Structures are given as structure tokens and as C-alpha cells.
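Architecture at a glance
Chain by chain, the residues run as shown.
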Amino acid sequence: MAFFRRNRQAATQTPPAPTSSAIGNGATLVASSAPTAPPIFAATMMDYPLTIQHIMERAKRYFPNRELVTLLAEGTERTTYGAMFPRVERLAAGLAKLGIKKGDRVATLAWNNTRHFELYFAIPCMGAVLHTLNLRLPAEQLGFIISDAADSIIFVDADLLPLLEKVQASLGSVRQIVVMNGSAMTSAPNMPQVLDYEQFIADAPATFAWPTLDERDAVAMCYTSGTTGNPKGVVYSHRSAFLHAISVTQADTIALSGNDVALPIVPMFHVNAWGLPHAAAMVGSKIVFPNKYMDPNRIAQVMHDEKVTFAGGVPTIWIGLLQVIAKRNDLDLSSVTRLVCGGSAAPRSLIEGLDHFNLPIIHAWGMTETSPIGTVARLKSNLQGLPYQEQLNYRAKQGMPVALVDLRITDIDTGKELPWDGVAFGEVQVRGPWITGSYYHDTNPADKFVDGWFRTGDVATIDPEGYIEIVDRTKDVIKSGGEWISSVQLESIIMGHPKVLEAAVVALPHPKWQERPVAVVVPKADTTVTPEEIQEYLQTRVAKWWLPDKIIIGMPIPKTSVGKFDKKVLRAQLAQEVKLGE
Ligand code: ADP
């Protein structure tokens, strides 16, 4: 707000005599020597609120015929933006009828489907806060999050209702449960009242007077997935979600457009599906929601059937897709122009493998606290003429910060800013209009914020082109005899072995070297691989002291609720079983 006040004030003052030349169309560039001279122009742009209501109105008006498709166990359920928004209005009216007020938290526990998408508009546009619950969390954490956020209402997919039954004791703040996509039946004794979603809509008034919202009002909240500790709530504003949605549509980021048929595989409970739903509505993309049907065969099939042009997901999804398309030759995926991969590092071999099928991966980095898009690894114009392998060097990095995000790396021990030489690595710190400035209920912990920068806990290098490469998380980096070893780089190299499907590397304590790397390797289906083969493969690719002390084949790698390697759990498992240096 201060920005506008300052400019309006300037408008009332007398402009100084310009001392510089005109720069065309009547505008004048002022290079006055007077240090306090006000600008010659008063900036009189409208103070228009950046709210999701604008996105809703836009989609309603301009894209009514654009399709929204949800996968079902058999076939699809199809609707349009035009058919959806009258239901959104009723949902908002129904919430108001239940007494939901501005700022109240209204939760969803649901897969990626059109009803969930309706709630992405109904809840924030009526002034409440959309709180997406992660359906893969252990009951204890789910219960903690519901009571920490004090959710008033929970919209739940019918098949996920048993998850709420398990956390009945934590539903003290919850007035109603509304069941979507199935029957609203529960026999659990202490549940809040359970309603049917379609009945809820049918019983609600058809019209609703949408409130005037401030762009700084909360739009949504999401808890971190707790890879490195207890979940922490992050609250997004209408403004941050709006600006983030614009960013997703920029040509040099994800370039989501009205021509796209978008397949958001990243869950809608995880950082608002990377902001894709709101961005898609802003530009009128057709959306194909996978619901819970995310096995690679079904994903590949729907890409073929719906002529998907863009999809977003974590590397595990793309590793699975690559396996499928290597085996099936009945699929035409030529409609796909790009796959965005984020959440953990995309191994170089994965990018290469998908390139082979003309499915270019765009690597992106971010986190719950960054809404999430922070960086995107598109090739800058000056890099596009490089030989393929050199291009891959950049594409396998996490990329440059998108416009409006500032990024730096600082020394892990001293906090001093580090050079962009592609060698020095330090903690990634970011700031920008969609980077959180605090946590819900834990306002500004000193270890997470410094001088207006958010401390990500990720460790990276920045090269002279400005591309970051995530080396590790501060908690995962391996410190061996005073030297750092990147677990992420080791994993990426091991996953380049033709017989390897997945590899995770963690540090285990060592009596002499403090910590040494241990790798867990999962071979591809119908393949075997030995530790010796992996050692031999690594020998020509990494420094000798990076070679893992132990390579374990075939042990399943534990995954987090969003499909990333769960190194906290893996470390704990291995610490029981493996003693190094004995
Ligand atoms: P949590 O922090 O609870 O695991 P997030 O989903 O917010 O949940 O995880 C964000 C983290 O995921 C980042 O801090 C980073 O460590 C990792 N990450 C995200 N994208 C990438 C990527 N492209 N490459 C490597 N790591 C990534």
C-alpha cells in the first residue's frame, strides 16, 4: 500500500524542469541532479486487487466451453468451466449459510478431480481459506494439522472418509464433513455431521454476493510435508497466488496457455498442485485430472486419449512413464510439448531417456514455502546452440529464478554470500512476492529467515549463467573427513546406470571419517545388478572418496507422502542395520 500512497503524493507536487531528452511517445526520462526531485510522472495505475475472484470471473466469461475431465475407475467424467461455476457459486452460498466467515479455514482431503477444483474457487472467493490436507500423511500428523489449522469444515472424497474416522479425536473444530465422489456414510460414533456434496450444492441458494476481498487476504494454506521435521503451516495470499499464476503462464517458465491440455499429476493437496489449477483457469487450459489413477500405464494412456500437451509431476512419475513407453508402441504422445519435473532432482538419465521419445522435461525447483515455483531450467538463448550433452548440463540443473524471485547462496558456516562460479556451494536463500515471510503459529523462526530472505535449507551452486544446481539439503549433505559429498549428485549418477531404476544415498556415521555415503539401489524390473557393477560404474564418474562405503541392492526405498525418497526414514532404517568401519 505504501507504494501507491507515495506515488499519489508525488502527483500533487510540482515536477522539476526535465534535464534529459525525450524517449519517444511523449515520455521523458528525467535525469535531474536534484536528489529529492519527485518523478515527472505521477504513477496513477488503478489499485486493482489481485484476487482469485478475478481468475474465476475470467474463466467463467471467456472459457465456458473449455473441458474439465476427471479419470474414473472406468472411463472419465466430463464437464466444462461453464457448467462448473454455477456450482461454485452455490458452494460459496452453502458455506456462508453454514456460517463460514472470512478467514475461516475450510479443508479438503481429496484427489485431483473436478470437485476439488470447484473448491479451489468456492472457498477462497467467498473469503475463507482453502486448506488442502495431505491424504498420505500418517494419522497422527493429519490430526495435528487439522487441529493446528482449526478447520471448520472438511470436504472429503468418499474413499478417504476412513482417514478422518481414524483422527476423530482431532476433529474438535470441525462442524461438518461434506463427502464428495461417493456415498456419505460413516458408522464411526464421534464424527461431526456428515453431508453429501451434491445435496449440499442442491440445498444451497443459487446466487451469492461475492465479498470484496483485499489482495492480502489469505487464500489458502498448506503444511510442509515434514521431510525434515514436524509439518509447518504456510499461508498464501490472494496476491501471492495471483502473481504466481501469472508466472506459471510466462513463456520462459511453464508457459501454461489456453491451448494446453494440462495434466496436473502433482497432487492438489501439495502446494496447490504447483499453482497449476489457478493458472489453468486464468488462461483457459483444458484440464485432465487424474483423480487417484496415477499408475504409469493409465497416465500414459490418458496422455494419448486426451492429447495432453503438458503434465507436471515428481521424478518418480516420469521414471514410471519412461518404463511404460519403452515397452508400449500403441501410444501416440506427440501432442506433449513439455513435462515439468520438480519436487526432487530429475536425474540426467531420465531427461535423456524422455528426450529419446520427444518428451522434453523442464526441470523446476521450489518448495511449499515458495508457492512453489522458484527456479525453472529452460535454456537461455545463448545456450541453445550448445551440443546436446552440454545443453543437458544446464537442463539437469534446477535453473534460473523466475521473474520476481531473488535468489542467493550463502556460506553454511559464516552466512557470507558466495560467488556464482558453479563451484562454491551454500544455502539457497530466496525472497519474492510468493515466498513466505513467516509460518502459521510460528511466526518468524530465526533459523528460517535472515534480513528478509527465506532460508530454504537447500544447498546449491550457482553458475555464471545464473543456473542453480541443488547439491543437497543441509540435513542430507554428507560430510566425510571435512569434505562435502553431494548425495543428490551420487544418486543422479547411479540412476544413470542402465540397470538401475532408483537409487538413494544417505550419510551414515563412520568412526574415522565422521560420515560416509551408503547407497540403496533398486534395479529395473526383471533385472539384477551387483554392488560391484555399481562401484565399477562410479569409479570413472566420481572422485574416489565419493564412492559409497556400502551399496545395498533391492531394499525398497521409503517414500514421503508426495513420492520423494524419505531419507530421514532411510537413514534411521540403515542406522539399525549397517555399521561402517567395523
Ligand atoms: P518438504 O520440505 O516437507 O519435503 P516440499 O515439497 O516443500 O516439502 O519440499 C521442497 C524440497 O524439495 C526443496 O527444499 C528441495 O529440497 C526439494 N526439491 C524440490 N524441487 C527440487 C528439484 N527440482 N531438485 C532437487 N530438489 C528439489
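Scroll up for the structure.
Our subject in this report is the structure included herewith.

How each quantity is defined
Residues numbered from 1 in each chain as written. Predicted model: local features only at pLDDT ≥ 70, side-chain atom pairs only at ≥ 80, totals over all residues. Heavy atoms only, no water. 1 Å grid on protein atoms, 1.4 Å probe; cavity = no way out; pocket = protein on both sides within 12 Å on 5 of 7 lines; lining within 4 Å. Points joined across faces, edges and corners; volume = space filled by probe spheres on them. Helix = DSSP H or I, 4+ residues; strand = E, 2+ residues; numbered from the N terminus. Nonpolar A, V, L, I, M, F, W, Y, C, P; charged D, E, K, R; others polar. Buried < 20%, exposed > 50% of the residue type's maximum accessible area, 1.4 Å probe, protein only. Pairing = 2+ DSSP bridges. Axes fitted to C-alpha atoms, helices over the stretch in contact; angles between N-to-C directions. Parallel < 35°, antiparallel > 145°, perpendicular 65-115°, else oblique. Contact = heavy atoms within 4.5 Å. Phe/Tyr/Trp six-rings, centres within 6.5 Å; stacked < 30°, edge-to-face > 60°. Lys NZ or Arg CZ within 6 Å of the ring centre and 35° of its normal. Expected span 1.5 Å × (residues − 1). Left-handed = near helix turned anticlockwise from the far one by under 90°. Disulfide = S-S within 2.5 Å. Right-handed = clockwise from strand over helix to strand, strands pointing away.

The next thing to look at is the layout of surface pockets. Counted as a void, the second largest pocket has a volume near 440 Å³. Of all the secondary-structure elements, those providing two or more residues to the lining of the second largest pocket are α13 (348-356), α14 (388-395), β21 (468-473) and α15 (487-494). The element that contributes the greatest number of residues to the lining of the second largest pocket is α15, accounting for four residues. Among the residues making up the lining of the second largest pocket, the classes are represented as eight nonpolar, eight polar and five charged.

Another point: unusual backbone geometry. With an omega dihedral of 10°, the bond running from Ser371 to Pro372 counts as a cis peptide bond. Relative to the elements of secondary structure, Pro372 occurs in the loop between β14 (361-366) and β15 (373-376). Of note, Asn358 is a non-glycine position whose phi angle comes to about 60°, a positive value. Relative to the helices and strands, Asn358 is located in the loop between α13 and β14. Taking the relative accessible area as the measure of exposure, Asn358 reaches 63% and is therefore exposed. Even without a glycine there, the phi angle at Asp451 is positive, about 50°. Checked against the element boundaries, Asp451 lands in the loop between β19 (449-450) and β20 (453-462).

Taken together, seven strands build an open sheet; the order of strands is β7-β6-β5-β3-β4-β8-β9 and the sheet is mixed. The strands lining the two open edges of the sheet, one partner per strand, are β7 (193-196) and β9 (233-237). Ignoring strand direction, the axes of neighbouring strands in this sheet form an average angle of 25°. Bridge analysis of strand β5 (residues 153-157) against strand β6 (residues 176-180) gives five bridges, and the strand direction is parallel. From the neighbouring strand, Phe155 faces β6, where its bridge partner is Val178.

What follows covers the packing of helix α11 (residues 296-306) against helix α12 (residues 315-327). Close contact between α11 and α12 brings their axes to 8 Å; oriented N to C, the two are set at 75°. The pairing of α11 with α12 is recorded here as roughly perpendicular in orientation. Across from Pro296, Asn297, Ile299, Ala300 and Met303 in α11, the residues of α12 making contact are Trp318, Gly320, Leu321 and Val324. Counted by class, the contact of α11 with α12 contains seven nonpolar, two polar and no charged residues.

Attention now moves to the packing of aromatic side chains. For the structure shown, the criterion picks out 14 aromatic pairs. Pairing Trp545 with Trp546 gives two aromatic rings, centres 6.2 Å apart and planes at 75°, and the pair type is edge-to-face. The exposure class of Trp545 is partly exposed, given its relative accessible area of 36%. Assessed through its relative accessible area of 14%, Trp546 is described here as buried. Cluster of aromatic residues (ring-pair linked, three or more members): Tyr81, Phe85, Phe117, Phe121 and Phe289. The ring of Tyr439 carries Lys232 above its face, with NZ or CZ at 5.2 Å from the centroid.

Its twelve residues give helix α8 (residues 238-249) an end-to-end C-alpha distance of 17 Å, which sits within 8% of 16 Å, the value for a rise of 1.5 Å per residue. Within α8, nine of the twelve residues are buried, which leaves it mostly tucked inside the rest of the structure. Looking only at α8, the buried set comprises His238, Ser240, Ala241, Phe242, Leu243, His244, Ala245, Ser247 and Val248.

Examined bridge by bridge, strand β1 (residues 67-71) and strand β2 (residues 76-80) share five bridges and lie antiparallel to one another. When the bridges of β2 are listed, Leu71 appears paired with Thr76. If you look at the hairpin formed by β1 and β2, you'll find four residues sitting between the two strands, and Gly75 has a positive phi there, around 75°.

Right, let's get into the packing of helix α3 (residues 81-97) against helix α4 (residues 114-125). As a packed pair, α3 and α4 sit with axes 9 Å apart at the nearest point and diverge in direction by 55°. It follows from the interaxial angle that α3 and α4 lie oblique. Handedness of the α3/α4 crossing: right-handed. Contacts from Tyr81, Met84, Phe85, Arg87, Val88, Leu91, Ala92 and Leu95 in α3 reach Thr114, Arg115, Phe117, Glu118, Leu119, Phe121, Ala122 and Ile123 in α4.

Pairing between the strands of a sheet comes from backbone hydrogen bonds, and it takes one of two forms, parallel or antiparallel. The nine strands are arranged β2-β1-β11-β10-β12-β13-β14-β15-β16 in an open sheet whose pairing can be described as mixed. In this open sheet, the two strands that pair with only one neighbour each are β2 and β16 (400-401). As defined by bridge partners, β1 adjoins strand β11 (residues 286-289) across three bridges and the pair is classed as parallel. Across the sheet, residue Thr70 finds its bridge partner in β11, namely Phe289. Here α11 sits on the sheet and contacts β1, β2, β10 (261-264), β11, β12 (310-313) and β13 (338-341); the angle it forms with β10, its principal contact strand, is near 165°. On the sheet, α12 packs against β12, β13 and β14 and is oriented at approximately 140° with respect to β13.

Attention shifts here to empty space enclosed by the protein. This model, assessed by the stated rule, comprises three cavities of 30 Å³ or more. In this model, the largest cavity occupies a volume close to 90 Å³. Lining the largest cavity, in full, are Val219, Ala220, Tyr236, Ser240, Ala241, His244, Ala245, Asn272, Gly275, His278, Ala279 and Ser371. Elements that contribute at least two residues to the lining of the largest cavity include exactly β8 (218-223), α8 and α10 (276-283). In terms of residue count, the dominant contributor to the lining of the largest cavity is α8 (four residues).

Moving on: the state of the cysteines. Across all of its chains, the model carries zero disulfides by this definition. For Cys341, which is in no disulfide, the shortest distance to another cysteine sulfur is to Cys222 and amounts to 19 Å. Relative accessible area serves as the criterion here: at 0%, Cys341 is assigned to the buried category.

To continue, consider the pairing of β5. Most of β5 sits out of view: five of its five residues are buried. Alternating positions in β5 separate into two faces, Ile153, Phe155 and Asp157 on one and Ile154 and Val156 on the other, with burial throughout. Across four bridges, the pairing between strand β3 (residues 105-109) and β5 is parallel. Opposite Thr108, over in β5, you have Phe155 as the bridge partner. The handedness of the β5 to β6 crossover, carried by helix α6 (residues 161-166), is right-handed.

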